[in-house]
Amino acid sequence: MKALLAALAVALAGPAFLWKATDGFQALTAEDARRVAAMRDRPMVPDIRLRAMSGEVIGLPSADRKVTMVEFIYTTCPTICQSAGTDLARVRDGLVEKGLGDEVRILSISFDPETDGPHQLSAYGESHGADGRIWTITRPDVDALPRLLRAFGVVVIPDRFGGYQHNAALHVVDPQGRLSAILDTDDITGALGAAKRASQ
Amino acid sequence: MIGARILTAGLIFSLCLGFRDFFESNPVSHVLIQLPLLAWCGALLAQPAINLEAEWNRGGVVALLIALFGITFWMLPRSIDAALFSPAMEVAKFISLPLCVGAPLAIGWARAHPLLRGFLKAQAVSMLGVMAFLYTHAPVRICNAYLVDDQLRLGYAFLFTAIAVVVLWVAPLFVGSREFHQMRSRSVEAG
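Let me begin by describing the structure that accompanies this report. (Residues numbered from 1 in each chain as written. Chains lettered and ligands numbered in written order. Predicted model: local features only at pLDDT ≥ 70, side-chain atom pairs only at ≥ 80, totals over all residues. Heavy atoms only, no water.)

Digging into unusual backbone geometry
All names here are of chain A. The line we're drawing: Helix and strand definitions here come from DSSP, where helices need a minimum of 4 consecutive H or I residues and strands a minimum of 2 consecutive E residues; each element is numbered from the N-terminal end. Burial classes: relative accessible area under 20% of the type maximum marks a residue as buried, over 50% as exposed, and values in between as partly exposed (1.4 Å probe, protein chains only).
Of note in the backbone geometry, Asp23 takes a positive phi value of approximately 50 degrees without being a glycine. Position of Asp23 among the secondary structure elements: in the loop between helix H1 (2–21) and helix H2 (30–41). Positive phi outside glycine occurs at Arg160, with the angle close to 75 degrees. Following the sequence through the fold, Arg160 ends up in the loop between strand S6 (156–158) and strand S7 (164–166). For Arg160, a relative accessible area of 52% corresponds to the exposed category.

Notes on helix H6 (residues 87–111) of chain B
An α-helical turn contains 3.6 residues, so any two residues separated by three or four positions project in the same direction. All names here are of chain B. So the rule is basically this: A helix's residues, less one, multiplied by 1.5 Å, set its expected span. The term bend refers to the angle at a residue between two fitted axes, each drawn through seven residues, those ending there and those starting there.
A rise of 1.5 Å per residue sets the reference length of H6, with its 25 residues, at 36 Å; its end C-alpha atoms lie 36 Å apart and thus fit the reference within 8%. Bending of H6 peaks at approximately 45 degrees at the position of Ser96, with proline Pro98 no more than four residues after it. By the burial criterion, the buried members of H6 are Glu90, Lys93, Phe94, Ser96, Leu97, Pro98, Val101, Gly102, Ala103, Pro104, Ala106 and Gly108.

Structural notes on the pattern of salt bridges
All names here are of chain A. Applied cut-off: Here, a salt bridge means any Lys or Arg side-chain nitrogen found within 4 Å of an Asp or Glu carboxyl oxygen.
One pass over the full model with this rule turns up 18 salt bridges over all chains. Residue Asp41 is joined to Arg40 by a salt bridge in which the shortest nitrogen-to-oxygen separation is 3.0 Å. Looking at Asp41, the relative accessible area reads 46%, which means it is partly exposed. For Arg49, the salt bridge is made with Asp47, and the minimal N-O distance between the two is 3.2 Å. For Arg49, a relative accessible area of 48% gives the class partly exposed.

Points about the interface of chain B and chain A
Convention followed: We call two residues in contact whenever any of their non-hydrogen atoms come within 4.5 Å of each other. Throughout, the accessible surface (probe 1.4 Å) given up by two parts as they are put together, summed over both, is called the buried area. As used in this structure description, the phrase polar contact means that two N or O atoms lie within 3.5 Å; if the pair is within protein, one of them must be able to donate a hydrogen and the other to accept it, and residues adjacent in sequence are counted only when both atoms belong to side chains.
With 25 residues of chain B at the interface, the matching set in chain A holds 29 residues. Together chain B and chain A conceal approximately 2,200 Å² of surface at their shared face, both sides included; 67% is due to carbon and sulfur atoms. Summed over the shared surface of chain B and chain A, the result is two salt bridges. In this structure, Asp23 of chain A engages Arg78 of chain B in a salt bridge whose closest nitrogen and oxygen atoms are separated by 3.0 Å. There are eight residue pairs in polar contact (both at pLDDT 80 or more) connecting chain B and chain A.

Structure representation (structure tokens):
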């Protein structure tokens, strides 16, 4: 009897613990966990200055209370950032189509500011059709980078070929500066929906 | 004897701790070497408790269930990432694997019915197979802390582990286990 009760207690406590550890079985990976957490907690992102490809200095939570869509890149990236760049161009076009062009801006932020100078940022912008109006390419100060990546939950690791692997995604920051959604970069419909929600 | 066990467990534990960066630098040695070694520490330390008769642990079911949930938790890719990014989770790893996986596994296994053992062995092999498939076929990165190529390597490592475990458990069926030979020589003596 004791054995049965003990087994029953563990059989109930175990799944409850796993439920808690996985946000209700929604997030088995760290990547899903940060997406669930963004939707649920809407954490504030740090107040950070960025240098845009035009040379202009801009704030991360937008000074003119716009929604900011953020992706992290490095301009020498041969793979994911290139396809993500194409995705972002489609998001930008979608924003214009939906009339959200004045309420939303897109920032590609380099996590390799030592390599990515103004020239590299401009070249990257040009090759992906980012003209600096809705979508611009930026870099943070080297000192601010760790704080920035931590706040967004972005992990960058060297790929043994001189490049990096990173959890690429599109991050939606609302006008109050809260991270309110994280999506796959190719989820254009989702991105436009999240931008619209964040702008209201 | 107990002293030797404690010494061995301590040695393995310090090895896991001292060469932490080495073990954790790639997912294969992290998941398939360091984690099992830590669990082994617990199993070694639990040996003296194995023969204690306890009503609550009849058939080893409770202890095995605890171990099962412990293993499940440490099979989550999220837990592996968390151990690397959060010092608290890393501490939890070094404590929970010996205490909540290794020790209960040893205590439960000693008491488990042979049928239950067989069932658990089959489960273990199929789980290793599932993990192998998952890590070799996942279309996305599963751990943010590790490279995609390492993820693939981990998948193959799971596959090799599954094969090794099958060989280890099935081979005795063909050549006869040690217990079987002991039993037979005893019956020959008696007869």
